[in-house]
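Structure at a glance
Given next are the chains, with one letter for each unit.
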Amino acid sequence: MYGRKKIKVFEHVLGDSGNDVLHGRLEFNEGRKLRRFSLNLTTMSESSMKTEIARFDCAHGHLHMHRFYRKPATTEKIDLEISVETVEKLISQIKQNRNAWKKALMENYGGIE
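Here goes a summary of the coordinates provided. (Residues numbered from 1 in each chain as written. Predicted model: local features only at pLDDT ≥ 70, side-chain atom pairs only at ≥ 80, totals over all residues. Heavy atoms only, no water.)

**As for the overall build of the chain**
Helix and strand content of the chain: 1 helix and 6 strands. Listing every helix and strand of the chain by position from the N terminus yields β-β-β-β-β-β-α. Each principal axis of the C-alpha distribution contributes one length, and for the chain these read about 50 × 25 × 25 Å. Here the chain, with 113 residues, has 39% of them falling under the buried criterion. Residue pairs at least 24 apart in sequence account for 38% of intrachain contacts in the chain once pairs closer than 6 positions are excluded. Put simply, the chain shows about 7500 Å² of open surface, and 47% of that area lies on carbon and sulfur atoms. Of the side chains in the chain, 20 bear a positive and 15 a negative charge, and the two mean positions are spaced by 5 Å. (Helix = DSSP H or I, 4+ residues; strand = E, 2+ residues; numbered from the N terminus. Buried < 20%, exposed > 50% of the residue type's maximum accessible area, 1.4 Å probe, protein only. Contact = heavy atoms within 4.5 Å. Areas by Shrake-Rupley, 256 points an atom, 1.4 Å probe, with all protein chains shown as cover. Lys, Arg positive; Asp, Glu negative; His and termini not counted. Charge placed at Lys NZ, Arg CZ, Asp CG, Glu CD.)

This is the structure we're talking about:
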């Protein structure tokens, strides 16, 4: 039988335009230890279509990053523990690289329509 889990979901608007959003989902076990998480960076196009730029998650038992801004998109395994500290580090990385990743997405896919 599985123990109870607690899930925390959040959204943070990044930048002044309001178009870039960091979506987070953290799942904790009974002992308040982080079991899994996902961090998704999205942007909104002029036609109001949400487009994913990058995602960190551990859906397959290990942490990896999806780089949707690359052409073709890539997935890379990341050798970090699944912890709140790792989430904080990745959120900082997303905030620091958001503009460069968004620019690459637009260059590689001809803008966001």
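**A word on the pairing of strand β2 (residues 20-28)**
A large share of β2 lies buried, amounting to 8 of its 9 residues. Here strand β1 (residues 6-14) folds back onto β2, and the loop between the two strands holds 5 residues, one of which, Gly 15, carries a positive phi near 85 degrees. Summarising the sheet, β2 and strand β3 (residues 34-44) pair through 9 bridges and their orientation is antiparallel. Bridge pairing links Phe 28 to Leu 34 in β3. Linking β2 back to β3 in an antiparallel pair, the connection comprises 5 residues, with Arg 32 at a positive phi of about 65 degrees. (Pairing = 2+ DSSP bridges.)

**Side note on helix α1 (residues 84-109)**
At Asn 97, α1 is bent by approximately 55 degrees, the largest bend along its length. Taken together, the buried positions of α1 are occupied by Thr 86, Val 87, Leu 90, Ile 91, Ile 94, Arg 98, Trp 101, Lys 102, Ala 104 and Leu 105. The inward-facing, buried residues of α1 contact β1, β2, β3, β4 (50-57) and β5 (64-67). Of the residues trailing α1, Gly 110 is marked for its positive phi of about 70 degrees. (Bend = angle between axes of the 7 residues up to and from the residue.)

**Some points on the nonpolar core**
For soluble globular proteins, the rule of thumb is that nonpolar side chains tend to be buried together. Ranked by size, the top nonpolar core spans 24 residues in total, and within it Phe 37, Leu 39, Phe 56, Tyr 69, Ile 94 and Trp 101 carry the most contacts. Listing elements by their share of this core, those giving two or more residues are β1, β2, β3, β4 and α1. A total of 7 residues in this core trace back to one element, the largest contributor, which is α1. Setting aside its immediate chain neighbours within four residues, Phe 37 contacts Arg 25, Leu 26, Phe 56, Asp 57, Cys 58, Leu 63, Ile 82, Thr 86, Val 87 and Leu 90. (Core = buried A, V, L, I, M, F, W, Y, C linked by side-chain atoms within 4.5 Å.)

**Quick look at the sheet that holds β1**
The strand order β1-β2-β3-β4-β5-β6 describes an open sheet built from 6 strands, whose pairing is antiparallel. A single partner strand is all that each edge strand has here, and the edge strands are β1 and β6 (74-77). Each strand axis lies, on average, 15 degrees off the axis of its neighbour in the sheet, ignoring direction. α1 contacts β1, β2, β3, β4 and β5 of the sheet and is inclined by roughly 20 degrees relative to β3. (Axes fitted to C-alpha atoms, helices over the stretch in contact; angles between N-to-C directions.)

**Brief notes about the pattern of salt bridges**
In this structure the tally under the stated criterion is 9 salt bridges. Linking Glu 76 and Arg 70 is a salt bridge whose minimum nitrogen-to-oxygen distance equals 2.7 Å. With relative accessibility at 29%, the residue Glu 76 sits in the partly exposed group. Ionic pairing is found between Glu 107 and Lys 103, a salt bridge with its closest N-O pair at 3.9 Å. One end of the pair, Glu 107, and the other, Lys 103, are both in helix α1, 4 residues apart, so they sit about a helical turn from each other. By sharing partners, the salt bridges in this structure join Asp 20, Arg 98 and Lys 102 into a single network. (Salt bridge = Lys/Arg side-chain N within 4 Å of Asp/Glu carboxyl O.)

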